[in-house]
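Examination of the molecular architecture
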Amino acid sequence: MTKIDIVSGFLGAGKTTLIKKLLAEAFPGEKLVLIENEFGEISIDGGFLKESGVQISEMSAGCICCSLVGDFHKALKDVQAQFHPDRILIEPSGVGKLSDVIVAVQNTADETDDMKLNSFVTVADATKVKVYMKNFGEFYNNQIESAGTIVLSRTQKLSQEKLESAVAMLREKNPDAAILTTPWDQLDGKTILAAIEKVSLADELLAKMRSEHEADEAEHEHAHHHHDHEHAHEEHEHHHDHDHEEHEHHHDHDEHDQEHHHDHDHECDDPNCSCHHHHHHADEVFTSWGKETPKVFSQADIERILTALDSGDCGKILRAKGIVNGEGGQWIEFDFVPEEHEVRAGHPDYTGRLCVIGAELKEDKLAELFGL
């Protein structure tokens, strides 16, 4: 299966720098083709795939670089047929609409068994968000609105206040994308890739809770373990698909949960009926609330917040986890289970992110508590 990743962004935003970092740190050992679709520019003469408008310029460290003019659809299929790469990176023209490129790739992938659109990223210069929104309206906003992930460059040049304001402007246009705010030199390419491929904290936490729950079930109810395990797997798939669409800003399974839960709440005497165990599944009864933020917290702030989670004012909190910017460039990691929490020094993540899982969550109170 060839994964296709699109890396868009205005000229000078740092697309090439990001791609080089990912090549060196996130994709080592992968057979990779980089397609650059620069606007009407044909700089290379000749090449393997000239008929379809793809011209190969160089091969370095297992990466084949092409410049694309002409029929995009045919070119993509030809590259796939000739090289069978693990991954195709597409760097579209800085002036094209990202939404058009996404549609073109998706259409091609739909017709080809072993190709899938993996991610679409916009690289944006954090210092220019405001002026670009004002001056390049439609084109710039299309790149922001269509992105699955927004990777900010030059964030170290902004004050905390300006960074938070740039993120707020982007968030207004795109409520769901992961927004990377940490300077790249503090991050490993693999951390950036995890953000691009959307591994959300809610997914991680729910997967952990699910595995704990399954171990528990296996111990207590060996006879029913097989059934429950399959069921949990189904639930996980359902949940994961749902997550994939919206990068943990706001998961809301309320409607689904209540209906689902209600169906299985009937009294039942059949010992083989799944309704006896059904209510155990964490992602049915509980909802999760999560935020991403570049906000800086002190250790005391986090201790105070986690202690407050035990009060019940924000709902019945079962788990909370986060990694956030601390003071003086440090990072703070925290874990919470009822009446117990741990706060420790952490490694830089792509932005501060936190997740709370529980029942009857009061989202406005949680936002207020974390100052978001």
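Not measured: the values here are computed from a predicted model.

1. Details of the packing of aromatic side chains
Counted according to the given criterion, the structure contains 7 aromatic pairs. Their ring planes at 85 degrees and their centres at 5.2 Å tell us that Y132 and F136 sit as a pair that is edge-to-face. Among the aromatic side chains, those forming a connected cluster through ring pairs are F10, Y132, F136 and Y140. One residue, K295, lies across the ring of F297, its end atom 5.5 Å from the ring centre.

2. Focus: the pairing of strand β7 (residues 149-153)
Among the 5 residues that make up β7, 5 are buried, leaving the element largely enclosed by the rest of the structure. On β7, burial covers both faces: T149, V151 and S153 on one face and I150 and L152 on the other are all buried. Pairing geometry for β7 and strand β8 (residues 178-180), over 3 bridges, is parallel. Across the sheet, I150 pairs through a bridge with I179, a residue of β8. Assessed by its sense of winding, the connection that carries the chain from β7 through helix α6 (residues 160-173) to β8 is right-handed.

3. Brief notes about unusual backbone geometry
Even without a glycine there, the phi angle at R154 is positive, about 60 degrees. Along the chain, R154 falls in the loop between β7 and α6. Taking the relative accessible area as the measure of exposure, R154 reaches 30% and is therefore partly exposed. Residues other than glycine seldom take positive phi values, yet E339 does so here, at roughly 60 degrees. With respect to the secondary-structure elements, E339 resides in the loop between β11 (331-337) and β12 (340-346). On the basis of relative accessible area, E339 is assigned to the exposed category, the value being 75%.

What counts as what
- Residues numbered from 1 in each chain as written.
- Predicted model: local features only at pLDDT ≥ 70, side-chain atom pairs only at ≥ 80, totals over all residues.
- Heavy atoms only, no water.
- Phe/Tyr/Trp six-rings, centres within 6.5 Å; stacked < 30°, edge-to-face > 60°.
- Lys NZ or Arg CZ within 6 Å of the ring centre and 35° of its normal.
- Buried < 20%, exposed > 50% of the residue type's maximum accessible area, 1.4 Å probe, protein only.
- Helix = DSSP H or I, 4+ residues; strand = E, 2+ residues; numbered from the N terminus.
- Pairing = 2+ DSSP bridges.
- Right-handed = clockwise from strand over helix to strand, strands pointing away.

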